[in-house]
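Fold and contact review
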Amino acid sequence: MSFRNFSFPPWTWSFLAAVIVLILTFAVSGAGGAQTLTLAFTLAPYLVLVGLGQMLVMSAGPGNIDVSVGKVFSLGGLLSIAVGEATGSWVLGLGAAAAAGFAMAAISVVAILYVRIPPIVATLATSLIVSAISLTLAKGFQGSADPALKGFLSWAPFGVPAFAVVVILLTVIVSLVLKWTTWGSHMLAFGQARRAAGYAGVKTKNILAAVYLACGVFAALAGALRASFSAPNVELGNDYLLDSIAVVVIGGTLLSGGRAVPAGVWGGALFFILLDGLLNLIGWDYAGQNVLKGFLVLAVLFLASGAPILARRSPSPDTSIESEDEAQEDRL
């Protein structure tokens, strides 16, 4: 293969951006790299969990996005601590959080598939329901995480957080499912061309239901684990909505659907965690950080909206660009 024809994997750029920010952090702080990396790998797995779910949803084609993940994240944290405290079992706490994430996502699925509400509106409505439940649960809330679970989440043998290793293994499993299973092939085919996938026998409703339900479960579990690591509150997941979308886009997953890049979610998460640390180090306020993140996402979308997407969506003798109404009809 000649160098001219060589192309980097889509996840390369997110990791390159993370390395650049890491170098800048060293230059500004003068601190050693091991501690900074340990901190980044301690915080990144929670964002990766939410990002993997968001990636599955966004890979299912244009228009698919879950804006309820932040509120589901917070609910998962509150419910997990409450159930764990009441039962004395952190396992039951995590199970309750996962069940709540599944139930909330099911509301979105019903609204999208059967009421035919656009995904962004359906998941926004779900987030309002989840927020109301969280606020009710938070009244007079008193609870603390199980010491064993909190200890595991803080455990970093040889400077490598054990929880990060678990999420890396989960990322590998998601990658294998997408690449080597029939369901993964069907999901990506559905994201690339809904009508063609439907003609080929792909069960489109099942695909959409699966990705949204997985997203809800991942977000709730991430919130439960994050609350065990720090402390539960109704605003715990506020940052995870924008960040989960950003890490997926920066990681190389196409907004137009059909390409999921699980490894890129890790690169995007590390980049954002390190960027937050750098901006805090130089004194940027919270609003300024969000503005910068927004511009970064827009820049990536601008750069990614050129040849790859246009080439894939350009009309050919055998295909045509579907209108938005046709796409919605094909989804259902």
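As named in an unreviewed UniProt entry, the protein is ABC transporter permease, taken from Sneathiella chungangensis. What the UniProt record of the protein gives under Subcellular location (unreviewed entry) is the line "Cell membrane".

1. Structural notes on the side chain of Arg 226
Along the chain, the position of Arg 226 falls in helix α10 (residues 204-229). No salt bridge forms around the buried Arg 226; measuring N to O, its nearest opposite-charge neighbour Asp 239 is 8.1 Å away. A polar atom in the side chain of Arg 226 sits 3.4 Å from the side chain of Tyr 240. Discounting chain neighbours no more than four positions away, the residues touching Arg 226 are Leu 43, Tyr 46, Phe 73, Ala 231, Leu 236 and Tyr 240.

2. Brief notes about the packing of helix α3 (residues 69-87) against α10
Running from N to C, α3 and α10 cross one another at 50°; their axes reach a closest spacing of 7 Å. By the angle between their axes, α3 is oblique relative to α10. Both α3 and α10 take part in a crossing whose hand is right-handed. From α3, Val 69, Val 72, Phe 73, Gly 76, Gly 77, Ser 80 and Ile 81 reach across to α10, where they touch Cys 215, Gly 216, Ala 219, Ala 220, Ala 222, Gly 223, Ala 224, Arg 226, Ala 227 and Ser 228. The residue makeup of the contact of α3 with α10, split by class, is 10 nonpolar, six polar and one charged.

Cut-offs and rules
- Residues numbered from 1 in each chain as written.
- Predicted model: local features only at pLDDT ≥ 70, side-chain atom pairs only at ≥ 80, totals over all residues.
- Heavy atoms only, no water.
- UniProt positions renumbered as here; feature names shortened; annotations may be inferred.
- Helix = DSSP H or I, 4+ residues; strand = E, 2+ residues; numbered from the N terminus.
- Buried < 20%, exposed > 50% of the residue type's maximum accessible area, 1.4 Å probe, protein only.
- Lys, Arg positive; Asp, Glu negative; His and termini not counted.
- Salt bridge = Lys/Arg side-chain N within 4 Å of Asp/Glu carboxyl O.
- Polar contact = N/O pair within 3.5 Å; in protein donor to acceptor, adjacent residues only side chain to side chain.
- Contact = heavy atoms within 4.5 Å.
- Axes fitted to C-alpha atoms, helices over the stretch in contact; angles between N-to-C directions.
- Parallel < 35°, antiparallel > 145°, perpendicular 65-115°, else oblique.
- Left-handed = near helix turned anticlockwise from the far one by under 90°.
- Nonpolar A, V, L, I, M, F, W, Y, C, P; charged D, E, K, R; others polar.

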